[in-house]
Structure formats: C-alpha cells, structure tokens
Amino acid sequence: MEAKPKKKKDKLEQLIINTIRTLSIDAVQKANSGHPGTPMSMAPVAYTIWDKFMNFNPQNPDWPNRDRFVLSAGHASMLLYSLLHLTGYDLSLHDIKTFRQLHSKCAGHPEYGLAPGIESTTGPLGQGYATSVGMAIAERWLATYFNRPGHEMINYNVFSIGGDGCMMEGLSGEAASLAGHLGLSNLVWIYDNNHITIEGHTALAFSEDVAARFMGYNWHVQRVGDANDLELLEEALDRALKEDEQPSLIIVDSHIGYGSPNKQDTSAAHGEPLGEEEIRKTKINYGWPPDKKFYVPDEVKGYRKDMLKRGKNDEDEWNEKFSKYAFEYPDLAKQFEMTEKREMPEGWEKCLPTFPADPNGPATRSSNGKILNAIGKDIPWLLGGAGDVGPSTKTYLDDASSFERNVYSGRNFHFGIRENAMAAVTNGMVLSKLRAYAACYFVFSDYMKAPLRLSCLMQIPVIYIFTHDSIGLGEDGPTHQPIEHLAALRAVPNLDVIRPADANELSALWKYVMEVKDRPVALILTRQNVPTIDRDKYGPAEGALKGAYIIADSNGKPDIILIGTGSEVQLCLGAYEKLKKQGINARVVSMPCWSLYEMQGQEYWEKVLPDSVRARVSVEAGSTFGWRRYVGLHDKGGVLGVSTFGESAPIGDLWPEFGFTVEHVVDKAHVILKMNGKKISKKSGKK
Ligand SMILES: Cc1ncc(C[n+]2csc(CCOP(=O)(O)OP(=O)(O)O)c2C)c(N)n1
Ligand SMILES: [Mg+2]
C-alpha cells in the first residue's frame with residue numbers, strides 16, 4: 001500500500017467523516033424527521049469504502065465499470081446523500097437541505113433514479129443486501145461474456161452496508177446462502193453490528209452468532225471491533241477484496257448516534273432528530289463549530305473537486321481501453337453498448353414464433369418456453385431461472401448451461417427455493433442491464449411481493465414468469481391455486497400483468513416484453529393445455545398488444561360483450577358460437593393486459609367496449625375484484641370468477657364445479673341480457 005502523508009490526510013479524513021455526520025444530523029433536524037444515528041456511526045466505514053476502494057465517476061453515475069454501493073440500511077439515507085454530495089455527484093447542499101420534502105432528490109429512503117449515484121431503491125430491510133447479490137452475479141456474467149485476454153472491460157466490486165434489521169430478515173439468509181454457494185468473491189457486505197433497532201437492544205429478539213451463520217454459508221468473515229478505526233477497516237476491506245473464492249462479510253461494531261452525549265447507543269438515536277441542544281453538544285464532541293449548520297469546510301470542498309477529477313480520470317482510462325476493445329472486437333462492443341442501452345437488434349422480432357391453430361394446443365407455460373428459447377438464441381443477455389421449478393415453469397434455455405460457481409457464463413439460473421431472494425437478486429441483475437427473468441408458480445408470487453414492488457417502484461424491466469395460474473392447475477389444490485393474485489398484482493403501479501389466451505397472443509406480447517425499458521412485466525401462464533385459437537376465423541393475435549381487443553364479433557351492434565382472459569377466452573368463444581346460433585349478437589373481447597388497454601385512450605376504448613353496450617360479462621378464473629371497472633354495476637353486468645380458495649381435484653371436475661364451462665357462460669349471458677331488457681325467445685334460450 002502506498003505511503004500516505006499521514007498527519008495531513010488523517011486530519012482531512014476526520015473532517016470529511018465529521019462533515020458526513022453533521023450534514024446528516026442537520027438534515028434530519030431540519031426535516032424534523034429521519035434517521036441520524038447510523039450515518040453518525042457508519043460515516044468512517046462508508047468513507048473508507050468510497051475513498052479507498054471504489055472506482056466511480058460522479059459525472060457519469062452510469063459508467064458501466066463503476067464499483068457498486070448499496071445502502072441496504074436504507075433508513076440511513078443521509079449517509080448516502082452526504083457521501084454523494086461530498087464525492088462530487090450532482091447533489092447540492094440545497095438538495096440536502098430539502099431532505100424528505102416534496103420533490104426532493106433526497107427522499108426519505110434512497111430511490112433509484114431520483115438522485116444520481118443511487119444504485120438501488122432501499123428501505124425495506126434486507127432487500128438491498130439481496131439486490132447486491134444480483135449485481136455481483138451480473139458482474140461475473142458480464143465479465144465472462146465480454147472480457148477478452150488483455151481486455152478486461154468489466155471488473156468491479158459490489159459493496160453493501162446493512163444493519164441488524166437486514167440481518168434479521170430471512171431474506172438476507174436466502175441471498176447470502178446463494179452468494180456463498182456461487183462463490184461471489186466480488187461481493188462485500190458490511191454488517192453494522194450496533195445492537196440497536198427501533199424497540200431497543202437487539203437482545204430483545206436477536207441472539208444468533210452471525211459470524212458462525214455466515215461461515216456456514218461459505219462466506220469469508222471478519223470482524224472490526226471499532227467503526228472509528230480507519231486502519232483496521234482498511235485492512236479488513238483489503239483482505240475482503242483479495243479473497244477470491246468467497247463473498248466477504250465484515251462485522252463492524254459501531255455505536256449508533258456516535259458522539260451524542262445522551263443518545264449514543266440508544267434507540268433514541270435511530271429514527272428521530274437529535275434536538276437542537278443535543279446537536280450542539282455532539283458537534284462540540286466532534287470538534288465542530290456548534291452553531292454552524294450544513295457546514296462544509298473548505299478542505300472538504302477541495303476534496304469534492306479532487307474526487308471529481310479522480311472519477312473523470314478513472315473513466316477516461318477505461319474509455320480509452322474500451323476504444324481498443326471495440327477496435328478488436330467490434331461485435332462484442334456493439335452488443336455491450338446494446339445491453340447498456342437496453343436496446344434490441346434491428347428486426348429481432350422476426351424470431352418470434354407463430355403457432356398453428358390447434359384445439360388441443362399447448363399450455364401457455366409450454367409455448368412460453370418455446371418463445372423464450374427463440375428469443376434467447378440471439379439475445380445472450382436474456383437469462384434467468386426459477387425457484388427450483390424450472391422444469392415445470394419451462395424456463396430453461398436449451399442451448400445454455402447453468403450459472404454455477406466458476407461457471408459464470410451460464411444463463412440458466414438455479415435460485416433454489418428462495419423466491420424472495422430470487423426476485424431481489426433479479427432486480428440487481430436488471431439494474432446491471434441484463435434482461436433477466438424470474439419464474440415460479442403464480443401462487444408463490446406472494447413470497448416475491450416486496451422485491452416485485454421494488455422492481456415497479458424503480459421502473460426496471462424485470463420479467464416475471466408465473467405459471468400454474470388458476471384453479472386449472474388441478475390436484476395440488478387451494479395451497480397452490482392462485483385466486484386473489486391477479487387482482488393483487490393489477491393493483492401495483494407500473495406493472496403490466498399479462499395473461500394471454502394462447503400461444504400466439506403470448507408470442508405477440510413478447511415483442512412488448514423485450515422492448516419495454518421502464519417497467520416490469522408479469523406473465524401469467526397456464527399449467528394446463530389451451531387451444532391455439534384459429535386466427536383465420538377469429539381476430540389476429542397482435543391485438544393483444546393493445547391489452548384488449550375484439551377477437552370475435554357479430555354484425556352490427558353487439559347485444560352483449562363477453563370479456564375473457566387467459567384460458568377463459570376459449571369459453572367465451574364457445575359461448576359466442578352458441579349465442580350466435582340462438583340469434584344473439586355477442587362480441588368477445590380478449591383482455592390479456594388491463595394496463596396496456598388503459599394506455600390506449602378513449603377512442604380505442606369506445607371501439608372495444610362501447611359505452612352504449614352495458615350488457616357485459618367477465619370470465620376469469622380468479623377473484624372478480626376489480627372487474628366491475630369493465631363490466632359495470634350489478635344491474636347491468638356480470639362477473640364470473642372464483643370467490644373461495646379453490647379445491648383439490650382433477651381439472652375436469654374443477655371447471656364445472658366452479659362454473660367454468662361454455663354452458664355456464666351462456667347461462668350467465670342470458671341472465672345479463674334479461675337484466676338489460678333483452679327478450680330471449682324460448683328457442684334461443686335453449687342450450
Ligand atoms: C422489511 C422492513 N421491516 C421493518 C422496517 C421498519 N424499520 C426501519 S429501520 C428498522 C430497524 C432497523 O434496525 P437496524 O437495521 O439495526 O438499524 P439501526 O437502528 O441500527 O440504524 C425497522 C424495523 C423496514 N424498513 N423494513
Ligand atoms: Mg442496529
């Protein structure tokens with residue numbers, strides 16, 4: 001390690017660390033809300049990581065080869081904002097003064113995309129840790145795919161700081177278990193072992209041996225007994241990065257609210273302002289002018305300038321290397337740039353398969369497997385896996401190997417039975433510009449809800465593949481039959497919930513899936529076979545891209561509109577044919593995606609669901625919650641759905657038991673037509 005002009009550097013270091021502390025204290029006090037304690041205690045740790053171990057360019061927060069820092073203890077957001085300001089990011093003192101106020105870059109918890117340099121939205125404890133595992137995975141994959149001898153374009157580390165809360169969350173165990181298994185030596189977690197959470201001392205609820213736990217996970221574990229000992233910290237981080245077989249955990253003993261005479265080491269320092277008098281005393285302890293607020297000493301301003309220069313130099317050097325790489329490997333360089341911009345090659349959609357009409361067509365999970373493989377052939381960075389249900393979600397890429405310890409070229413991921421971590425890890429992979437998918441049975445989307453919500457909040461294009469989408473899965477019964485799940489996911493902002501009727505709708509919709517850059521999608525697919533609809537007879541599948549479309553229609557104004565999704569569209573079509581024979585003008589609308597339909601606008605809505613036709617029936621094997629938005633109130637429209645948890649039985653018994661037959665849809669249509677004042681002749685009333 002290079003010799004440093006010790007004394008001067010030490011003084012500057014202390015100034016920087018105390019600036020982080022006091023900015024955090026002042027911002028929380030001004031906002032009258034926030035979490036000062038952990039920024040105060042962890043300032044030396046975060047500073048050491050950023051100053052001595054991270055490459056980044058504040059002027060280009062998206063520089064692909066930057067080291068990543070994820071503040072898993074998101075409540076300590078002021079730690080990150082202070083660092084971003086002091087290291088030169090476009091985050092001003094004014095921004096810091098608006099901490100937690102409307103439209104501030106400095107939200108209560110760090111939000112991806114809001115301020116530059118925030119790598120992931122954090123706050124739900126444990127999520128940041130788990131997301132950092134996905135970033136480390138992505139680094140390994142990108143390095144393996146893109147690097148060439150003498151051209152190491154990708155080579156970065158991922159750091160994450162978490163606290164007792166992150167450690168207590170089961171999610172950290174899932175994610176750490178996976179990271180240890182994969183031997184992700186580019187990953188360093190710091191555990192802020194301050195023994196304090198909101199309710200008080202951790203002894204209330206937490207007495208496990210964290211070091212032993214992580215050694216059991218196959219991690220390299222170190223302990224630093226004092227968060228203020230910069231030399232020990234530096235040595236530990238140095239060792240962590242030299243370790244090349246295991247991820248590293250550094251357990252750092254710290255004092256929450258460090259320096260506050262009355263609040264240090266108490267939960268009072270966790271989540272409320274220190275108070276003016278306490279702040280004065282604390283600043284005196286730091287050797288800080290007690291009455292100055294948001295004070296940044298000149299030397300620290302100078303440091304900011306130095307860091308800007310350092311970052312620019314680092315990226316300039318890399319850019320030069322990249323030019324040489326691009327010269328020698330133009331195709332790879334082009335692909336690399338494409339991944340960074342989340343672009344698809346020109347004309348890529350030609351690979352999307354079409355499927356012949358077939359009354360015994362494949363389950364949508366099976367056609368999805370075919371489509372995924374067709375796209376995956378040309379797009380190597382389309383990759384992902386399942387929570388141990390790869391064979392039944394049909395999400396394997398046939399030509400690819402598994403991503404395993406030291407086989408980092410693999411594209412089939414085995415997340416193990418860790419759905420929560422799977423989605424959080426996938427967030428990390430997608431934040432690192434991979435097009436990653438995560439698959440499991442739809443009912444277990446519950447286990448993934450928190451990270452799925454973060455994908456939506458961050459507006460990143462994660463692809464969720466949920467199969468076994470209704471009671472139609474049969475014998476596994478109520479524990480496995482999703483009921484309220486469609487309604488629940490449709491209620492999440494920024495999420496496209498897509499439940500295609502057949503293979504061709506699905507194939508058409510994948511065009512959207514691969515091209516959307518700013519929101520996740522959830523594909524909801526059947527376990528059971530569904531007919532591949534005859535498109536010569538019915539409307540073209542491309543209509544699906546509009547979210548809902550007329551798939552079958554009658555001459556003139558319809559008497560009734562049947563709206564179906566997924567496997568129930570076939571029932572609507574069957575009912576349509578019967579109604580037609582009875583002289584009833586029916587229209588069938590296939591509605592694979594509510595949110596896409598909502599994006600179309602009034603003119604299209606009026607075309608598909610004209611205001612003047614109030615007789616409508618929705619048919620979907622799930623909760624009817626929300627459907628009245630499209631079918632109207634009880635006096636006019638009807639909903640056919642499932643209002644219990646389902647039953648364990650073969651599908652052949654379940655469908656009639658729950659009313660999912662053509663006959664029942666016809667009956668329902670008759671009832672609704674009557675309610676709307678339509679006379680049905682005796683003859684036409686016959687089934
Ligand atoms: C999943 C989740 N549950 C609960 C909370 C609410 N919460 C925020 S901070 C916190 C305590 C965290 O303790 P620790 O990680 O030790 O942080 P410290 O008090 O040391 O800063 C809790 C329960 C949360 N943010 N996320
Ligand atoms: Mg704590």
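Look up: the structure comes first, before these words.
Residues numbered from 1 in each chain as written. Chains lettered and ligands numbered in written order. Predicted model: local features only at pLDDT ≥ 70, side-chain atom pairs only at ≥ 80, totals over all residues. Heavy atoms only, no water.

> Please clarify how the packing of aromatic side chains should be interpreted in this entry.
Two aromatic rings are characterised by how far apart their centres lie and by the angle between their planes. Per the counting criterion, the structure on display carries 37 aromatic pairs. Plain terms: the ring middles of Trp318 and Phe322 are 5.3 Å apart, the flat faces sit at 20° to each other, and that makes the pair stacked. Pair noted here: Trp318 and Phe322 are both in helix H11 (residues 298–328), with a separation of four residues, about one helical turn. A cation over an aromatic ring shows up here: Lys292 above the ring of Tyr295, its NZ or CZ 4.3 Å from the ring centre. (Phe/Tyr/Trp six-rings, centres within 6.5 Å; stacked < 30°, edge-to-face > 60°. Helix = DSSP H or I, 4+ residues; strand = E, 2+ residues; numbered from the N terminus. Lys NZ or Arg CZ within 6 Å of the ring centre and 35° of its normal.)

> How should I be thinking about the sheet that holds strand S14 (residues 549–552) in this particular structure?
The five strands are arranged S14-S16-S15-S17-S18 in an open sheet whose pairing can be described as mixed. The open sheet terminates on both sides in strands that have one partner only, identified here as S14 and strand S18 (637–640). Across the sheet, the axes of successive neighbouring strands diverge by a mean angle of 25°, strand direction being ignored. Bridging between strand S15 (residues 560–564) and strand S17 (residues 616–619) involves four bridges; their strand directions are parallel. Pairing of Ile561 across the sheet is with Arg616, part of S17. (Pairing = 2+ DSSP bridges. Axes fitted to C-alpha atoms, helices over the stretch in contact; angles between N-to-C directions.)

> Is there a simple way to explain the nonpolar core in this structure?
The nonpolar side chains of a soluble globular protein tend to be buried, and buried together. Trp189, Phe466, Trp510, Ile560, Leu562 and Phe660 are the most contacted members of the largest nonpolar core, which has 164 residues in total. The element that contributes the greatest number of residues to this core is helix H5 (residues 127–146), accounting for 11 residues. Apart from the residues within four sequence positions on either side, Ile560 is in contact with Leu579, Ile584, Asn585, Ala586, Arg587, Val613, Ala615, Arg616, Val617, Ala669, Ile672 and Leu673. Leu86, Ile190, Leu233 and Trp288 belong to the second largest nonpolar core, which has 60 residues in total. (Core = buried A, V, L, I, M, F, W, Y, C linked by side-chain atoms within 4.5 Å. Buried < 20%, exposed > 50% of the residue type's maximum accessible area, 1.4 Å probe, protein only. Contact = heavy atoms within 4.5 Å.)

> Help me understand helix H2 (residues 37–53) in this model?
Spacing of three or four residues puts side chains on the same side of an α-helix, whose turn is 3.6 residues. The end-to-end C-alpha distance of H2, which contains 17 residues, comes to 24 Å, matching closely the 24 Å that a straight helix rising 1.5 Å per residue would cover. Ala43 marks where H2 bends most, by close to 55°; the proline Pro44 follows one to four residues later. H2 sits mainly inside the fold: 16 of its 17 residues count as buried. (Expected span 1.5 Å × (residues − 1). Bend = angle between axes of the 7 residues up to and from the residue.)

> Sorry, what's going on with the coordination of the magnesium ion (ligand 2) here?
Ideal geometry at a metal gives 109.5 degrees between four tetrahedral donors and either 90 or 180 degrees between six octahedral ones. With distances of 2.1 Å, the protein atoms coordinating the magnesium ion (ligand 2) are Asp164 (OD), Asn194 (OD1) and Ile196 (O). Written as a sequence motif, the donor residues of the magnesium ion (ligand 2) are D-x29-N-x1-I. Residue Asp164 is found in helix H6 (residues 164–168), and its partner Asn194 is found in the loop between strand S3 (187–193) and strand S4 (196–197); the two are separated by 30 residues along the sequence. Considered together, Asp164 and Asn194 belong to a single accessibility category, that of buried residues. (Donors = N, O, S within 2.8 Å, 3.2 Å for Na, K, Ca; no water.)

> Could you clarify how one ought to interpret the environment of Met591 in this entry?
Of note, Met591 is situated in the loop between strand S16 (586–590) and helix H20 (594–598). Owing to a relative accessible area of 0%, Met591 belongs among the buried residues under this scheme. When sequence neighbours within four positions are dropped, the list of residues in contact with Met591 reads Gly547, Ala548, Ile563, Gly564, Thr565, Tyr597, Trp627 and Tyr630.

> Sorry if this is basic, but what is going on with the site of ligand 1 here?
By nearness alone, 15 residues border ligand 1, and Thr38, His75, Gly165, Asn194 and His270 come closest of all. One of the backbone nitrogen or oxygen atoms of Gly123 is found 2.8 Å away from a nitrogen atom of ligand 1. In the model, an oxygen atom of ligand 1 is placed 2.7 Å from a nitrogen or oxygen of the Gly165 main chain. Relative to its unbound accessible surface of 590 Å², ligand 1 loses 74% to contact with the protein. Of all the secondary structure elements, the ones that give two or more residues to the shell around ligand 1 are H6 and S4. Tallied by class, residues from the shell around ligand 1 come to five nonpolar, eight polar and two charged. (Near = heavy atom within 4 Å. Polar contact = N/O pair within 3.5 Å; in protein donor to acceptor, adjacent residues only side chain to side chain. Areas by Shrake-Rupley, 256 points an atom, 1.4 Å probe, with all protein chains shown as cover. Nonpolar A, V, L, I, M, F, W, Y, C, P; charged D, E, K, R; others polar.)

> Where do I start with a negative patch on the surface in this structure?
A surface patch of like charges, here negative, comprises Glu475, Asp476, Glu647, Asp653 and Glu657. Residue placement: Asp476 occurs in the loop between strand S11 (463–467) and helix H17 (485–490). (Patch = residues over 30% accessible without salt bridge, like charges linked within 9 Å, V, L, I, M, F, W, Y side chains within 5 Å. Salt bridge = Lys/Arg side-chain N within 4 Å of Asp/Glu carboxyl O. Lys, Arg positive; Asp, Glu negative; His and termini not counted. Charge placed at Lys NZ, Arg CZ, Asp CG, Glu CD.)

> Explanation requested: the pairing of S11 in the structure shown.
Look at any regular strand and the pattern is simple: side chains alternate between the two faces of the sheet. The buried fraction of S11 is high, at five of five residues. Here S11 shows two buried faces, one formed by Ile463, Ile465 and Thr467 and the other by Tyr464 and Phe466. Relative to S11, strand S10 (residues 435–441) runs parallel, the two being bridged by five bridges. Counterpart to Ala438 in the pairing with S11 is Tyr464. In terms of strand pairing, S11 meets strand S13 (residues 521–524) through four bridges, oriented parallel. Each residue of the ladder has a partner; that of Ile465, found in S13, is Leu523.

> I'm lost on the pairing of S18 in this one. Help?
Neither face of S18 is left uncovered, since the one carrying Gly637 and Val639 and the one carrying Gly638 and Leu640 both have all their residues buried. Two strands pair when backbone bridges link them, and S17 and S18 are joined in this way by four bridges, in the parallel orientation. Opposite Ser618, over in S18, you have Val639 as the bridge partner.

Structural measurements only, silent on function.
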